[in-house]
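# Structural overview
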Amino acid sequence: MTQPRLDVIAIGNAIIDVIGNCSDAQIEELGLVRGGMQLIDGDQARTLYDAMGPAREVSGGSAANTLAGLAALGAKCGFIGQVADDQLGEVFTHDIRAGGIEFEVPARAGETPTARCLIFVTADGQRTMNTFLGASHLLSADMVADETIAEAAVLYLEGYLWDPVEPRAAMRKAIAAARAAGRKIAFTPSESFIIDMHRGDFLSLIDDGLIDLLFCNETELATLTGLSSFEDGIAMLAAKVSVLVVTKGAEGAVALSGGERAQVAAQPIERVVDTTGAGDLFAAGFLYGHVCGKGLEESLKMGAICASEIISHYGARPECDLADFVAARM
């Protein structure tokens, strides 16, 4: 087996997050599910954007956020995702490359615009996400080269992108390439509504031994396993994957691997500003510890520290020197 050139390569949505403050009353008026995530079409995207107050535009996408954290910590990373040949596509491309992440998928010409997620943030930092997938769901298997996947120690897959047919084929191709090259595969189902739509596929990937590292939160754990008991749920999945990581919000996180179990508390923070990307950056910290050969507890703590930085400000990309931030708190 050749030595990997990259630590992590990820496949995910290439999205621009549009983030604005709102009241609980506005969430209700717009008919949104507070704290949830829904897929919307172009018309809905325009309606919600018009209803927003002043907003910030920040490059996002779950897997891309995780890579941004990993790269900031010092990992060598690559991204596979689809943007359109438009202004937001240029913004995303610039941001991810400026973060030191390899991104070579060409922008797609045509009428379908770059994806965007309209995020309404209430006073307590809770985010309500409304995602227009745009060009991101047109990522084709042709954009995934076996040799590119084989260059990374870990292939990281974002569940949000499993729903569209073309990206799902691209991810299946990447899984086969990673397995053929003897690389590890990490997966996050992303959201319970995605699990509801593709639970059979996700369980098959797990049962077939195609997932080495599985990341989810406690709600997604219950949806995926069909078990209301947290302990029963983690016991079911830990027996099928090499590493299981489950986040529990303010209660911290737990990881299991080969009979070993570790748990950490959430990092203290003065004020939660925006929870967007908390799970993404937790995965970044844990994965960084993992590729560096750290143990479960140390990797969990790195994840918790990274998540605490993200929820202290708007947006899902680090706003400080993340490596220094983590080092000071380990």
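Residues numbered from 1 in each chain as written. Predicted model: local features only at pLDDT ≥ 70, side-chain atom pairs only at ≥ 80, totals over all residues. Heavy atoms only, no water.

## Considering helix 8 (residues 218-225)
Among the residues of helix 8, those classed as buried are Glu220, Leu221, Thr223, Leu224 and Thr225. Buried residues along helix 8 sit in contact with helix 7 (192-207), strand 11 (213-217), helix 9 (230-238) and strand 12 (243-247). Where helix 8 starts, the residue carrying a side-chain oxygen 3.1 Å from the main-chain nitrogen of Thr219 turns out to be Asn217. Positive backbone phi, approximately 75 degrees, marks Gly226, located one or two places after helix 8. (Buried < 20%, exposed > 50% of the residue type's maximum accessible area, 1.4 Å probe, protein only. Helix = DSSP H or I, 4+ residues; strand = E, 2+ residues; numbered from the N terminus. Contact = heavy atoms within 4.5 Å. Polar contact = N/O pair within 3.5 Å; in protein donor to acceptor, adjacent residues only side chain to side chain.)

## Focus on the sheet that holds strand 6 (residues 102-103)
Within a sheet, each strand pairs with its neighbour through backbone hydrogen bonds, oriented either parallel or antiparallel. With respect to topology, nine strands assemble into an open sheet ordered 6-5-1-9-10-11-12-13-14, the strand pairing being mixed. Looking at strand neighbours, the two that pair on one side only are strand 6 and strand 14 (260-264), the edges of this open sheet. Sheet topology note: the strand 13 (residues 253-257)/strand 14 ladder contains five bridges and is antiparallel. Each bridged residue has a counterpart across the sheet, and for Val254 the counterpart in strand 14 is Gln263. Docked against the sheet, helix 8 engages strand 11 and strand 12, running at close to 110 degrees with respect to strand 11. (Pairing = 2+ DSSP bridges. Axes fitted to C-alpha atoms, helices over the stretch in contact; angles between N-to-C directions.)

## Concerning helix 2 (residues 42-51)
All of the buried residues in helix 2 are Gly42, Ala45 and Leu48. The arc that holds the buried residues of helix 2, viewed along the axis, is 125 degrees, so those residues lie on one side. Exposed and oriented more than 90 degrees from the buried face of helix 2 are Asp43, Arg46, Thr47 and Asp50. Here the buried face of helix 2 lies against strand 7 (115-121) and strand 8 (127-132). A side-chain oxygen of the first residue of helix 2 lies 3.2 Å from the backbone nitrogen of Asp43; this N-cap is Asp41. (Arc of directions from axis to C-beta.)

## Here's the deal with the side chain of Thr225
Mapped onto the elements of the fold, Thr225 is located in helix 8. Not counting chain neighbours up to four residues away, the residues in contact with Thr225 comprise Arg199, Gly233, Met236 and Leu237.

## Looking at the sheet that holds strand 2 (residues 15-21)
Taking strand neighbours across the sheet as the criterion, the five strands line up as 3-8-7-2-4 in an open arrangement whose pairing is mixed. A single partner strand is all that each edge strand has here, and the edge strands are strand 3 (37-39) and strand 4 (55-60). On average, each strand axis in the sheet is tilted by 20 degrees relative to the strand beside it, whichever way the strands run. Sheet contacts for helix 4 (residues 87-98): strand 2, strand 4 and strand 7; angle to strand 4, the most-contacted strand, approximately 60 degrees.

## A word on the packing of aromatic side chains
With the rule as written, the count across this model stands at seven aromatic pairs. For the ring pair Phe79 and Phe103, a centre distance of 5.7 Å and an interplane angle of 50 degrees mean the geometry is tilted. Residue Phe79 is found in strand 5 (residues 77-80), and its partner Phe103 is found in strand 6; the two are separated by 24 residues along the sequence. Relative to Phe103, the ring of Phe92 has its centre 5.9 Å away and its plane inclined at 80 degrees; by these criteria the two rings are edge-to-face. Of this pair, Phe92 sits in helix 4 while Phe103 sits in strand 6, and the two are eleven residues apart along the sequence. In terms of burial, Phe92 and Phe103 fall into one category: buried. The ring of Phe230 carries Lys248 above its face, with NZ or CZ at 4.4 Å from the centroid. Between Arg329 and the ring centre of Phe325, over which it is positioned, the NZ or CZ distance is 3.7 Å. (Phe/Tyr/Trp six-rings, centres within 6.5 Å; stacked < 30°, edge-to-face > 60°. Lys NZ or Arg CZ within 6 Å of the ring centre and 35° of its normal.)

Keep in mind that these numbers describe shape and distance, not what the molecule does.
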